[in-house]
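Reading the structure
This is what each chain is made of:
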Amino acid sequence: VQYNPTVTSPGDNDTIEISYNNGVTTQLATRDVTGIAVSPAVITISETDPYNFGSTPAGNNIDYTFTLTNSGAVTATSLLETGLAAPFSFLGGSFPGTGGSCLTTLNAGANCTIVLRFNPSLAGSYSDTINMTYNNGVGSVAATRQIQG
């Protein structure tokens, strides 16, 4: 038996009926089943798109804290940032870095923070994308935020 809802619902109810012969007479076995369809995990990243770190002298750094929010009804799993490159990085290294509170899961209705660092070694304009991939309960998706400095 598979429950595969296409829209959210407060509850779907049905009955499984199996008719069989016990060697004497036809019998009917029944089992009630219930399922509740909820919205998948949906993660958003705070701030304007693109977020501008502003200007800083080469060799200096600017740190900024972003908030990730799961507005869905299930836990987001396998949370991971893919592709962030210098001069942008997580404070303290790769995801989740230090200073923030995000881990590899984000419960429904919860939020967590990540701290990114802009640390240009040469003068110039830079841009990148925060690309937070996660499993939303149905499959792999991504939340993105353009960044520049």
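Once a new chain begins, its residue numbering starts again from 1 and follows that chain's sequence as written. Restriction of local features to residues with pLDDT of at least 70 applies here, the model being predicted, together with a cutoff of 80 or more for giving and counting side-chain atom pairs; totals for whole chains, interfaces and linings are based on all residues. Hydrogens and water molecules were not included; the side-chain quantities draw on all heavy atoms of the structure.

A few words now on the packing of aromatic side chains. For any two aromatic rings, the description comes down to two numbers: the centre-to-centre distance and the angle of the planes. Here is the rule: rings of Phe, Tyr and Trp (six-membered ring for Trp) pair when centre to centre is within 6.5 Å. Planes less than 30 degrees apart are stacked, more than 60 are edge-to-face, and the remainder are tilted. Enumeration according to the criterion identifies 10 aromatic pairs in this entry. Judged by centre distance (5.3 Å) and plane angle (80°), the rings of Tyr-51 and Phe-53 are edge-to-face. Three labels apply to residues, based on accessible area from a 1.4 Å probe with only protein chains included: buried if under 20% of the type maximum, exposed if over 50%, partly exposed otherwise in between. Using a relative accessible area of 14% as the deciding quantity, one classes Tyr-51 as buried. Of the residues examined, Phe-53 reaches a relative accessible area of 6% and is grouped as buried.

Our focus in this paragraph is the state of the cysteines. Whenever a pair of cysteine sulfur atoms sits within 2.5 Å, that pair is classed as a disulfide. Taken as a whole, this structure holds one disulfide when the rule is applied. Here Cys-102 connects covalently by a disulfide to Cys-112, the sulfurs 1.9 Å from one another. Classification of the bridge connecting Cys-102 and Cys-112 rests on its S-S torsion, roughly 85°, and on that basis the disulfide is right-handed. Of this pair, Cys-102 sits in the loop between β7 (88-90) and β8 (111-118) while Cys-112 sits in strand β8; the two residues are 10 residues apart in sequence, bridging distant segments of the chain. Taking the relative accessible area as the measure of exposure, Cys-102 reaches 3% and is therefore buried. Judged by its relative accessible area of 4%, Cys-112 falls in the buried class. Starting at the N terminus, helices and strands are each numbered in turn, a helix being any DSSP run of H or I of at least four residues and a strand any DSSP run of E of at least two.

Attention now goes to the pairing of strand β5 (residues 62-70). Both strand β3 (residues 43-45) and β5 contribute to a ladder of three bridges, which runs antiparallel. Note that in β5 the partner of Ile-45 across the bridge is Leu-68. Here a strand pair is declared whenever DSSP counts at least two bridges between the two strands. Where β5 and β8 come together, eight bridges link them in antiparallel fashion. Bridge pairing links Phe-66 to Ile-114 in β8.

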